[in-house]
Structure formats: C-alpha cells, structure tokens
Amino acid sequence: MADEADFLAYGRQDIDDEDIAAVVRALQSDFLTTGPEIPAFEAEFAVFTGAAHAVACSNGTTALHLALDALGVGEGDVCIVPAITFMATANAARYCGADIVFADVHRHSGLLTPETFAEALDRAGGKAKAVLPVHLAGVPCDMPQIAELARQHGLVVVEDSCHAIGSREASGAMVGACRHGDAATFSFHPVKSLTTGEGGMVTTSNPDLAARMVRQRSHGIERDPARFARAEGAGEPWYHEMASLGWNYRLPDINAALGRAQLARMPAFAARRRALTAAYREQLQELAPLVSLPADPAGSDPCRHLLNVRIDFAAAGRTRAEVMNALKARGIGTQVHYIPVHTQPYYVQRYGRQSLPGAEAHYAQTLSLPLFTRMERRDVERVCGALAEVLA
Ligand SMILES: *Cc1c(COP(=O)(O)O)cnc(C)c1O
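As named in an unreviewed UniProt entry, the chain is UDP-4-amino-4, 6-dideoxy-N-acetyl-beta-L-altrosamine transaminase, taken from Glycocaulis albus.

Looking at the element boundaries, Thr116 is found in helix α5 (residues 114-124). With a relative accessible area of 13%, Thr116 lands in the buried category. Polar contacts involving the side chain of Thr116 include one to the main-chain amide nitrogen of Thr113, which spans 2.9 Å. Apart from the residues within four sequence positions on either side, Thr116 is in contact with Ala103, Asp104 and Val105.

Judged by side-chain polarity, Ile15, Ile20 and Val24 come together as a nonpolar surface patch covering roughly 210 Å² of accessible area. Relative to the elements of secondary structure, Ile20 occurs in helix α1 (residues 17-28). Since its relative accessible area comes to 44%, Ile20 is described here as partly exposed.

Moving on to the pattern of salt bridges. One pass over the full model with this rule turns up 22 salt bridges. Two residues, Arg212 and Asp69, come together in a salt bridge whose shortest N-O distance is 3.1 Å. Of this pair, Arg212 sits in helix α7 (residues 207-216) while Asp69 is found in helix α3 (residues 60-70), placing the two residues 143 residues apart along the sequence. On the basis of relative accessible area, Arg212 is assigned to the partly exposed category, the value being 24%. Residue class for Asp69 comes out buried when judged on its relative accessible area of 15%. Overlapping salt bridges, with partners in common, bring together Asp14, Asp16, Asp19, Arg265 and Arg374 in one network.

Procedures and definitions
- Residues numbered from 1 in each chain as written.
- Predicted model: local features only at pLDDT ≥ 70, side-chain atom pairs only at ≥ 80, totals over all residues.
- Heavy atoms only, no water.
- Helix = DSSP H or I, 4+ residues; strand = E, 2+ residues; numbered from the N terminus.
- Buried < 20%, exposed > 50% of the residue type's maximum accessible area, 1.4 Å probe, protein only.
- Polar contact = N/O pair within 3.5 Å; in protein donor to acceptor, adjacent residues only side chain to side chain.
- Contact = heavy atoms within 4.5 Å.
- Patch = residues over 30% accessible without salt bridge, like charges linked within 9 Å, V, L, I, M, F, W, Y side chains within 5 Å.
- Areas by Shrake-Rupley, 256 points an atom, 1.4 Å probe, with all protein chains shown as cover.
- Salt bridge = Lys/Arg side-chain N within 4 Å of Asp/Glu carboxyl O.

What follows is the structure, given as structure tokens:
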C-alpha cells in the first residue's frame, strides 16, 4: 500500500484559507441559519448559472424533492429517470408518491438520449408527468431534443445537474440556466465540484415555482403578506401562515458562507478540471482501445465532476474488482458510477426485473479514475501509468 499522504481518492474537496475565514465569519455573526448568507448565495448562484431564480436547500436530494413537489408531481404520476444515476434521482420522485419508469441510456456516455427517452415514454403508457435527465459526470444531455419531446407529451423537465456545476451546453448556456428545463438541481456534497459540506440548490426561470420552493423548504410557511390566504394577517406583525405541508430542508448560513467562498473559486476549479480532463484524454490514448473516454457532445464544454472511463475488462483478462484492488494497492482510489438503479433490490421488488441493455453495458465497463482540483498533471501520469501496468 502506498503512503497514505500520496493516496489519490476518486474525488475530494478543495478548502482554502478564504473558505475557512468565510465560515468563521458566519459563526461569529448573528445568524447560523436563514440569515443574510442565503439570499446572497442564491443571487450569486443565479448569476453564475444565468438562471432567473435560485433556491438553496439542505442537499441535492431535497433539491430534487422540492422541484418535483413544486411542479405538482404526486400520487398516480410517473417520472422517467435514467437507470444510470445516483439513486436519489428516482427516490425523490418516490417521496412525491410517483412511480418510476427507468429509461435506458447510451451504452458509452451513460446519458439519457432522445431515443431512450422516447422508448421510456412508450412504456409509461400516458402516465408520465416528469422526466429527469442527468448530466452524468458533468456531460450535458441533448436538452433541446429531450425538452421538445417532453413538451409534446406534456411532461415537466427537471435536470439533475448535481455533476454539472460549471458545464456549458452546446447552446453556450450554462447548465442550470434552464433554457430548456423547468428546473435544474445541484448538490454541494464534498465530492461534487463545489462544496458546502451538505447543501443543494434549485434553479428555475419560473418565479411562482421559486416562491413555492422557498415556502416548502421551511414547513410550507408563507411570510409574504401579498400571498396570505387570511388578508387581515397583513396587519399583524407576528402573523405567518402554513399554506401547505412542507419540510425542514433549510441550508444553514454557515454552509452558505462556505458556498459563496467556493463559488468565487469556481472559475479556477473549472479550469483545473478541464485541464486535468485534457491531460487524461492525451495519456489514455496510449491505452486505446482497452480504455476510452467518450468524446464530449459536439459544441458542449463539460466541467467534469467524474473521470468515468470505459475499460474492456474482458479483453484485458482482468475483472473490475482485480483492477480496483491493484490500483488501490498503488495508492489510487476508483469508484463505479453507477450500479443501474433499476437493479437495486428496492426497485426490483417494486417493479420486477427489467432489462435495459444500454445501462447494463455501461455498468459493465465503467470505472471512475481520480479527478479533483488539487491534482497535478503528474498525478494523471501516475494514474495512467498504474492503469497500464495493471491491465498489461
Ligand atoms: C450527489 C447526487 C445527488 C444527491 O445529492 P446529495 O447532496 O448527496 O443529496 C443526486 N443526484 C446525483 C446525480 C448526484 O450525483
């Protein structure tokens, strides 16, 4: 086992003195939660993505739940979710009482495509209410086509953008600008491209949707007198009303302060992730065709969260477990993104065994190599050198 200090995890956070100072200032302020850091972080995130509105919340899963709830997803509805994603994408729809139709994905990119979406729509049999495209690894889905198909069938679109902070679509818009979707959701978990410890955000162009999510993240409490059901309440300084059943999905000010400091560093983070990805692309050519990294969709400019390469384990005569263990022994951490969600026991129990060949082919060959901003070019060389050794 290599020295622990040299261990390269598949992903990790990047916290500097400015980040720490921002958190300390928040701790010394009058507000630990729902203070001035929240609207400031929301406004800055809206500018960053180009969205009209941004609503902060406690994590990426609650961001998905808030968005689907605000868009009216409920009992009797079906949500179309790609089979290759973190399970939270599907689970959030289940929290609303909706059922899931798992869509297949492209076997190389792991992305939902207009074709796999259309096929899932057929299986949903007219009950589909929402589709949740996932910009896997930070690579944008074909949103113009997916959103057009959704519009034709009367579906709302929530882009699970947890991997795509800082990515640009082919249109030139930032992911999260909501050019095509009704809402986009983000996570600020420490392995994501920007962190608040735990945290999340929903962006949208729709002011009513934003207002509903602000209410729902704090018990459904309405504080805007203009929206009170009981008009006399406007003259009563203590008055607030519970308009609907919400949750405590608030983001603390401490975390929002960290988010603002991290967001200021996001251009540097994105440049670093892009440079490391380019270095990987160059180095991995030597391992072709055993190892490959699918090309980015034409015109898009992903800020990758994951370096999820494809490895032909069968041709290499090594199992994935052997490769992972051998890399780990060389001080290199890897991970698999993801076990297809439709094969998880909970979903098998609910919907039975299903075959989604693209998702299963993607799963069979995927491995995420280390990618985080503190890495250097020589770390990329070390990973690719070790991979060459292990596959030889
Ligand atoms: C991380 C992640 C989530 C959930 O975010 P949390 O902040 O961990 O709740 C949802 N979807 C995807 C694709 C993710 O990667």
